[in-house]
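In case you want the letters, here they are:
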Amino acid sequence: MGMTLEQLNAADRDEFVALLDGTYEHSPWIAARAAEQRPFKTLAQLKAAMAGVVREASLDEQLGLIRAHPELAGKAMVTKRLTAESTNEQSKAGLTDCSPEEFARLQQLNAAYNARFGWPFILAVRGPRGLGLTRAQIIETFARRLENHPDFERAECLRNIHRIAEIRLNDKFGVTPVLGQQVWDWAESLAVHSDPGFKEQGQLTVTYLTEAHQACAAQLRQWMLDGGFDEANIDAVGNVVGLYRGSDPKAQRLLTGSHYDTVRNGGKYDGRLGILVPMACVRELRAQGRRLPFDLEVVGFAEEEGQRYKATFLGSSALAGHFDPAWLAQQDADGITMAEAMSAAGHAAAMPAIEALKRDASAYRGFVEVHIEQGPVLDARDLPLGVVTSINGSVRYLGEITGQASHAGTTPMGSRRDAAAAAAELVLFVEQQAAAMQDVVGTVGILNVPAGSINVIAGRCQFSLDLRATTDAARDALDGAVREALQAICQRRGLHFKLDRTMSATAAPSDPALQARWEQAVQALGLPVFRLPSGAGHDAMKLHELMPQAMLFLRGGNAGISHNPLETITADDAELCVQAFQQLLESFE
């Protein structure tokens with residue numbers, strides 16, 4: 001029998017600290033300060049409170065906490081001077097069974113890390129699911145983080161300390177995040193499917209209607225049926241549509257889901273989390289023999305990323321009634337049209353079948369989506385969940401500045417018409433202007449000097465612009481300022497430019513009523529409500545064209561990195577996400 005919150009809340013301050021002994025290595029001051037925030041209604045609230053104490057502590061206190069931890073496979077382990085908790089964790093990760101080569105490599109890394117940062121390397125070696133990382137994973141992570149900036153690495157150490165504390169608290173309370181582990185395991189199983197050329201390298205890439213893509217669709221459909229959905233089908237564009245019927249067939253449905261395709265060499269949770277979380281909710285409802293008073297429709301959207309064809313949001317566009325017929329004629333890199341790919345996958349590849357997928361907005365309460373944040377905000381604040389206020393509107397351009405190519409050695413600085421220098425000035429303007437405005441971001445992701453040479457002043461420079469904001473007005477203000485600056489830069493330098501708009505998307509503010517339900521769901525878990533905009537595009541922004549929508553973000557580890565193999569979540573965070581979704585469903589009853 002584990003500890004209980006009732007026991008912890010009833011304890012005096014010293015007993016409270018004693019009950020939590022070992023949660024944070026040799027640092028009872030954290031529990032002592034957290035005791036002032038009682039009573040704790042949930043374990044998640046306790047975890048957040050203790051993380052908050054550390055976040056608000058002084059720099060010296062934070063460094064002291066980091067230095068209280070032992071090195072991995074270090075002297076304390078060899079001489080058996082680790083705490084019981086550290087001994088358990090390092091042994092579960094196999095660090096007590098290192099080969100001579102592995103041990104030597106860890107000692108080398110320990111020495112280099114201490115020399116660079118002045119504190120021991122901290123890693124939650126029991127990993128995102130709590131089972132333990134492999135020694136190879138530990139060594140790889142150690143080497144990668146050795147290259148971090150000291151300020152970033154200090155924060156990363158603290159984040160890992162919180163993860164260590166979370167697992168230790170689970171042990172103390174006898175808690176296992178079963179639902180989160182199921183979501184995590186599903187994501188691992190789905191990731192075995194990858195396109196040729198990437199699978200052989202251990203990389204995850206699933207693009208529209210490839211064999212791997214069709215295998216993912218079939219697997220999702222089977223999981224839905226196994227988990228208790230009343231219906232699960234693959235529609236005309238490859239969306240996997242599951243339906244869990246409610247007790248009132250006349251009631252408006254709730255629509256949810258996300259995409260299962262990936263970028264090239266991407267992560268396991270982008271999109272897929274938003275399918276797996278409601279699947280776990282349905283499985284629980286069926287196991288309990290419960291029906292909601294309304295139908296729950298879960299859609300695994302076939303395509304969102306635009307990797308195989310020059311079209312994005314294919315799956316959700318079909319449901320919104322905005323599938324462009326011209327897309328069917330687009331060709332991939334091998335010359336296969338989208339229509340041909342759809343036919344080969346067993347789909348009709350005809351507009352009448354696709355147009356029939358449009359949903360009747362009046363039949364739905366709205367669309368909700370859970371998604372990993374794909375950014376560092378929640379991770380930096382030690383928050384597992386965030387409520388999305390708006391999906392950013394965006395505009396994209398491809399541009400080119402034209403000057404005069406000339407000899408780098410003989411052309412005086414005042415006589416140059418340098419296209420690359422002008423582009424560099426524009427890059428800095430975009431950075432400075434976006435930083436000076438609220439809730440906007442600007443990026444120049446492509447810079448290219450065609451036929452450039454080391455001893456030739458650039459006569460041409462190609463560039464891209466990606467401008468995003470939480471409102472269309474803010475997006476347009478940034479857009480206008482950047483285009484005005486580009487014109488002024490080129491006029492002053494005697495250059496010409498062309499600028500082609502390649503994409504424009506309107507902002508999708510969250511429906512206030514649905515957003516409020518997400519906020520209530522987060523509060524019910526004992527967590528603070530943190531609101532943030534989404535800088536990335538999501539299927540929800542397409543459904544926004546048809547019905548109300550609102551999103552919930554889940555924290556991503558490794559500082560929220562996404563579209564990258566380092567994309568990660570923990571089973572504990574996934575558990576909270578499932579619980580928040582359950583709370584949302586209950587709020588409609």
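Note that the structure is predicted; figures quoted are calculated from it, not measured.

About the criteria used
- Residues numbered from 1 in each chain as written.
- Predicted model: local features only at pLDDT ≥ 70, side-chain atom pairs only at ≥ 80, totals over all residues.
- Heavy atoms only, no water.
- Helix = DSSP H or I, 4+ residues; strand = E, 2+ residues; numbered from the N terminus.
- Rg over C-alpha atoms; globule rule 2.2 N^0.38 Å.
- Areas by Shrake-Rupley, 256 points an atom, 1.4 Å probe, with all protein chains shown as cover.
- Lys, Arg positive; Asp, Glu negative; His and termini not counted.
- Charge placed at Lys NZ, Arg CZ, Asp CG, Glu CD.
- Axes fitted to C-alpha atoms, helices over the stretch in contact; angles between N-to-C directions.
- Left-handed = near helix turned anticlockwise from the far one by under 90°.
- Contact = heavy atoms within 4.5 Å.
- Nonpolar A, V, L, I, M, F, W, Y, C, P; charged D, E, K, R; others polar.
- Buried < 20%, exposed > 50% of the residue type's maximum accessible area, 1.4 Å probe, protein only.
- 1 Å grid on protein atoms, 1.4 Å probe; cavity = no way out; pocket = protein on both sides within 12 Å on 5 of 7 lines; lining within 4 Å.
- Points joined across faces, edges and corners; volume = space filled by probe spheres on them.
- Salt bridge = Lys/Arg side-chain N within 4 Å of Asp/Glu carboxyl O.
- Expected span 1.5 Å × (residues − 1).
- Disulfide = S-S within 2.5 Å.

Enquirer: Talk me through the overall build of the chain; I want residue IDs and the actual numbers.
Expert: Per the secondary structure count, the chain includes 23 helices and 16 strands. A globule of 589 residues ought to have a C-alpha radius of gyration of about 25 Å, and the chain, at 26 Å, matches this closely. For the C-alpha atoms alone, the extent of the chain along its principal axes is close to 75 × 70 × 45 Å. Only carbon and sulfur atoms are counted for the fraction: they give 51% of the accessible area of the chain, which is about 24800 Å². Side-chain charges of the chain comprise 56 positive and 72 negative groups, with the mean position of each set lying 2 Å from the other.

Enquirer: Which residues make up the packing of helix H13 (residues 273-287) against helix H23 (residues 571-587), and what are the values?
Expert: Where H13 contacts H23, the axes come no closer than 9 Å and their chain directions differ by 65 degrees. Between H13 and H23 the crossing geometry is right-handed. Every residue of H23 that contacts H13 at Val277, Pro278, Ala280, Cys281, Glu284 and Leu285 is listed here: Cys577, Val578, Phe581, Gln582 and Leu585. Taken together, the residues of the contact of H13 with H23 sort by class into 9 nonpolar, 1 polar and 1 charged.

Enquirer: So what's going on with the side chain of Ser316? Residues and values would help.
Expert: Mapped onto the elements, Ser316 comes out in helix H14 (residues 314-320). Exposure remark for Ser316: the relative accessible area of 0% places this residue in the buried category. Among residues more than four places away in sequence, those in contact with Ser316 are Phe301, Asp539, Lys542 and Leu543.

Enquirer: Which residues make up the layout of surface pockets, and what values do they have?
Expert: Quantified by volume, the second largest pocket comes out at close to 1300 Å³. In terms of lining residues, the second largest pocket is bounded by 47 residues, among which Thr312, Phe313, Arg396, Met503 and Gly537 are the most central. Partitioned by chemical class, the residues of the lining of the second largest pocket number 18 nonpolar, 19 polar and 10 charged.

Enquirer: Describe empty space enclosed by the protein, listing the residues and the values that go with them.
Expert: Counted according to the given criterion, the structure contains 2 cavities of 30 Å³ or more. Here the largest cavity defines a volume of roughly 100 Å³. Lining of the largest cavity is provided by His69, Pro70, Leu72, Ser86, Glu89, Gln90, Phe121, Ile122, Leu123, Val125, Ile164 and Arg168. The set of elements that each furnish at least two residues to the lining of the largest cavity consists of helix H7 (84-92) and helix H10 (150-173).

Enquirer: Account for the pattern of salt bridges, with residues named and values stated.
Expert: By the definition in use, this model includes 37 salt bridges. Residue Asp479 is joined to Arg483 by a salt bridge in which the shortest nitrogen-to-oxygen separation is 3.0 Å. In this pair, Asp479 and Arg483 are both assigned in helix H19 (residues 472-493), 4 residues apart and thus about one turn of the helix distant. For Asp479, a relative accessible area of 2% puts it in the buried group.

Enquirer: Explain unusual backbone geometry to me, using residue names and the numbers behind them.
Expert: One can expect most non-glycine residues to show negative phi and most peptide bonds to be in trans. Residue Pro39 is reached from Arg38 by a cis peptide bond, and omega for that bond is 10 degrees. Tracing the backbone through its elements, the reader meets Pro39 in the loop between helix H3 (28-34) and helix H4 (43-56). In this model, Ala451 sits at a positive phi of 55 degrees, which is unusual for a non-glycine residue. On the accessibility criterion, Ala451 (82% relative accessible area) is exposed. One non-glycine residue, Ala559, adopts positive backbone phi at about 60 degrees. Counting through the fold element by element, Ala559 comes out in helix H22 (residues 557-560).

Enquirer: Can you tell me about H23, naming the residues and giving the values?
Expert: The terminal C-alpha atoms of H23, which comprises 17 residues, lie 24 Å apart, in line with the 24 Å expected from a rise of 1.5 Å per residue. The element H23 is largely enclosed, with a buried count of 12 among its 17 residues. Taken together, the buried positions of H23 are Ala571, Asp572, Asp573, Ala574, Glu575, Leu576, Cys577, Val578, Ala580, Phe581, Leu584 and Leu585.

Enquirer: Account for the state of the cysteines, naming residues and giving values.
Expert: Enumeration according to the criterion identifies 0 disulfides in this entry. Lacking any disulfide linkage, Cys157 is separated from the closest cysteine sulfur, that of Cys98, by 19 Å. Using a relative accessible area of 0% as the deciding quantity, one classes Cys157 as buried. Here Cys461 stays unpaired: no disulfide links it, and the sulfur of Cys490, its closest cysteine neighbor, is 10 Å away. Taking relative accessible area as the criterion, Cys461 reaches 3% and is therefore assigned buried.

Enquirer: Which residues make up the environment of Leu72, and what values do they have?
Expert: For Leu72, the location among the structural elements is in the loop between helix H5 (59-67) and helix H6 (75-78). Leu72 gets classed as buried once you look at its relative accessible area, which sits at 5%. As a C-alpha pair, Leu72 and Ala380 span 308 residues in sequence and 24 Å in three-dimensional space. If we ignore the near neighbours within four places in the chain, the residues touching Leu72 are Gln90, Leu95, Gln107, Asn110, Phe121, Leu123, Val125 and Ile138.

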